[in-house]
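# Residue-level structural notes
For reference, the chains in residue letters:
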There are 2 protein chains.
Amino acid sequence: MYGLDNLPFGAAEGRLWVRYGDGALDLSAAAARGAVDERLAASTLNPFLAGGRPLWTSTRAALRKLEFTNLTPVDELSMTLPFEVADYVDFYSSEQHAINASRILRPNSPGITPNWKHLPIGYHGRSGSVVVSGTDIVRPHGQWRDPDGVPEYGPTRRLDVECEVGFVVGVPSDGPVPTAAFREHVFGVVLLNDWSARDIQAWEMAPLGPFLGKSFATSISPWVVPLDALEAARITAPAQDPPVLPYLRDDRTGYDLRLTLEVNGTVLTRPPFHQMYWTAAQQLAHMTVNGANVRTGDLYASGTVSGSDPDELGCLLELYRNTRYLADGDTVTISATAPGPDGSVIGLGEVSGTIRPAR
Amino acid sequence: MYGLDNLPFGAAEGRLWVRYGDGALDLSAAAARGAVDERLAASTLNPFLAGGRPLWTSTRAALRKLEFTNLTPVDELSMTLPFEVADYVDFYSSEQHAINASRILRPNSPGITPNWKHLPIGYHGRSGSVVVSGTDIVRPHGQWRDPDGVPEYGPTRRLDVECEVGFVVGVPSDGPVPTAAFREHVFGVVLLNDWSARDIQAWEMAPLGPFLGKSFATSISPWVVPLDALEAARITAPAQDPPVLPYLRDDRTGYDLRLTLEVNGTVLTRPPFHQMYWTAAQQLAHMTVNGANVRTGDLYASGTVSGSDPDELGCLLELYRNTRYLADGDTVTISATAPGPDGSVIGLGEVSGTIRPAR
């Protein structure tokens, strides 16, 4: 899970670490003795992320030659956010999720919107409330409509999870990033829980989209897994029909990431990332086609990962069709693995959070 | 316009400045000789903003005692972003704009959405593409639908402006900010042009809101005018009917800011900020009611300011009813003034940008 083929990066105790097995190597110490680049002697990954693929590649080679001795047990580390989040964008790229969400939340609408197969729908989320796994989630207050249409205020009654995969941008761009340049800009992936208050979201989102229903917290896993660790997990993403515009054409590289959602230790669902309709390369190309720059530390998420089977749905809204949500005290954990080389398994770690009562 | 009752702050040449008349005082130099707090010896306002109201008040008092001699002409300064933008939120708080936009963009909808008078509708925008006045705006590419419903790609044909006022957060919060605490957190205001590509926006925004139609650029004026300079501009904001929920109740303090939009030197409209339905205090209270934190450098904008008269509309969409937009080479300037003490006038400066052809 966390051998030499993985080597994910994290931050704790004001320093960076690389994970090996159940331990972690102090990268500040490694940098001090010249074993790795000095940009890893930092409290966040941002300087390393900005270094780009040549640095990422040379560092990976250097790390694979190290002796992983004198490791700190990962259980003893208080992980912090591995990078400073610049802009955070959340997509909506699972066809099954879009179909299900439309049916459940907008039963009077004609279903999936006409634009959905022509562009990866997304919106900007709140960077400042991205938190690391293990951070408690306080049940948010907000406003919604009661069944008679009267606005009410109080703690959300429909607190949900969304199982997602986040992509971490390393190299900035000053304009469009073609799909073929995806790996030059994106360093790696995290697991992401886009906590959602469905009652607040439903009432607020016309016409400008989700806002308070999502902005209270977004949790990410502490270990950023490099794309280089996911080479064996590359698969062919679903064919797209109708054909997309030229700027969105890509080589259909998807990633076979196998997510698991547990609540209080019980597995509820196993969302399959390989079914995502829009790839991360397409999302980045779309996000920048208007000239918008990306910055080191930009984070963009896949949207809820839902598969076609009932036990592959990526949120409680879909699993319980808007009838059952999280209770105070619930602990939610999303974990994932991916195929590694020669039949091995790459661990993507986990993103976890416990619901605390509204204040 | 820029006397001792104003004293706005800006950044240029890697230093901070305070404007007086047509000149500016170097605050790094002033800090070096002990005349102002050392947090003003910085390249951005963020450390000063984080200092909070006691620092803002003592600094204002100190500045008013200085001799404004040996000033650098503002025309000789290359202004940069006055602060590092953390999260950027854009509201939609002019009733007239919401009515007009609904009618023009969604003619088959029932008009203003049912939530609009119950909460200040808003969404997160892109922090990384906030630019300072004077930055050229390259016509963005994007995707829209032709009249037959077929997706097309190319440079936007409907490039618009939105005349807005932005509020700059100084003091972070770790939870809800009551309306009464607005002045403890917000330092001042800028003018803001929320450039919008209406064709791109119209096609993409169902169901998650504006994304690429807005994210290519947002321009702000270089001089941040302190709220303290706008005491004489405080007026009573419009009464709200139906009554709002308790967390949104406020003292109805609005600001009598008088905006002017010019294209190529011709005045097109004079949007009146005092008509805004939702106040900046309500926006901040709403934005944080779910527990979302605000950070130093957060920027939130009013939404397009449109008045009830035809010559008070805040964007070309409304002024020309979706028939006429910006051409390459057009220079757009939003400026504003406010009443100052004893019949004087406070200048809010201007935010300007010239449209360059698509690349």
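What counts, and at which threshold
Residues numbered from 1 in each chain as written. Chains lettered and ligands numbered in written order. Predicted model: local features only at pLDDT ≥ 70, side-chain atom pairs only at ≥ 80, totals over all residues. Heavy atoms only, no water. UniProt positions renumbered as here; feature names shortened; annotations may be inferred. Core = buried A, V, L, I, M, F, W, Y, C linked by side-chain atoms within 4.5 Å. Buried < 20%, exposed > 50% of the residue type's maximum accessible area, 1.4 Å probe, protein only. Least-squares fit on C-alpha atoms with pLDDT ≥ 70 in both. Contact = heavy atoms within 4.5 Å. Helix = DSSP H or I, 4+ residues; strand = E, 2+ residues; numbered from the N terminus. Pairing = 2+ DSSP bridges. Phe/Tyr/Trp six-rings, centres within 6.5 Å; stacked < 30°, edge-to-face > 60°.

An unreviewed UniProt entry lists chain A under the name fumarylacetoacetase, with Virgisporangium aliadipatigenens given as the organism. The heading Pathway (unreviewed entry) in the UniProt record of chain A holds the text "Amino-acid degradation; L-phenylalanine degradation; acetoacetate and fumarate from L-phenylalanine: step 6/6."

Once that is clear, we can look at the nonpolar core. Counting 148 residues, the largest nonpolar core has Phe182(A), Tyr300(A), Phe182(B) and Tyr300(B) as its most contacted members. Counting residues in each nonpolar core, the second largest holds 33 residues, with Leu25(B), Ala30(B), Trp56(B) and Phe68(B) among its members.

Mapping chain B onto chain A calls for a rotation angle of 180° and an axial translation of 0.0 Å; the resulting RMSD is 0.0 Å. Read as a symmetry element, the transformation amounts to a two-fold axis. When each C-alpha of chain B is compared by its distance to the rotation axis, Gly209(B) comes out closest, at 2.1 Å. When the interface residues of chain B are mapped onto chain A, 100% of them are again interface residues, pointing to one common binding face.

A word on the UniProt feature "binding site: Mg(2+)" (unreviewed entry) in chain A. All names here are of chain A. Mapped onto this numbering, the UniProt entry gives "binding site: Mg(2+)" (unreviewed entry) at Asp194, Lys214 and Thr218. Across 25 residues, the annotated set stays spatially compact, with a maximum C-alpha separation of 7.7 Å. Along the chain, aspartate 194 falls in the loop between strand E14 (186-193) and strand E15 (196-197). Using a relative accessible area of 1% as the deciding quantity, one classes aspartate 194 as buried. With sequence-adjacent residues up to four places away left out, aspartate 194 is seen in contact with Tyr88, Asp90, Tyr123, Val161, Glu162, Glu164, Lys214 and Thr218. For lysine 214, a relative accessible area of 8% puts it in the buried group. Beyond its immediate chain neighbours, meaning those up to four positions away, lysine 214 contacts Tyr123, Glu162, Asp194, Trp195, Ser196, Arg198 and Gln201.

Residues and elements named next belong to chain B. With 7 of 7 residues buried, strand E13 (residues 163-169) is to be regarded as a mostly interior element. The side-chain alternation of E13 yields two buried faces, one formed by Cys163, Val165, Phe167 and Val169 and the other by Glu164, Gly166 and Val168. Bridge count for E13 against strand E14 (residues 186-193) is 7 bridges, and the pairing is antiparallel. The residue bridging cysteine 163 from the neighbouring strand is asparagine 193, located in E14. Inspection of the sheet shows E13 paired to strand E22 (residues 299-301) by 3 bridges, in the antiparallel sense. Bridge pairing in E22 links phenylalanine 167 to tyrosine 300.

Turning to the packing of aromatic side chains, a few remarks are in order. Inspection of every chain in the model, using the stated rule, returns 26 aromatic pairs over all chains. Where Trp56(A) meets Phe187(A), the ring centres are 5.2 Å apart and the plane angle is 70°; that geometry is what we call edge-to-face. On the criterion of sequence distance, the pair formed by Trp56(A) in helix H3 (residues 52-65) and Phe187(A) in strand E14 is long-range, its members being 131 residues apart. On the basis of relative accessibility, which here comes to 3%, the residue Trp56(A) falls in the buried class. Ring centres of Phe211(A) and Phe91(B) lie 5.8 Å apart, and the angle between their planes is 75°; on these two criteria the pair is classed as edge-to-face.

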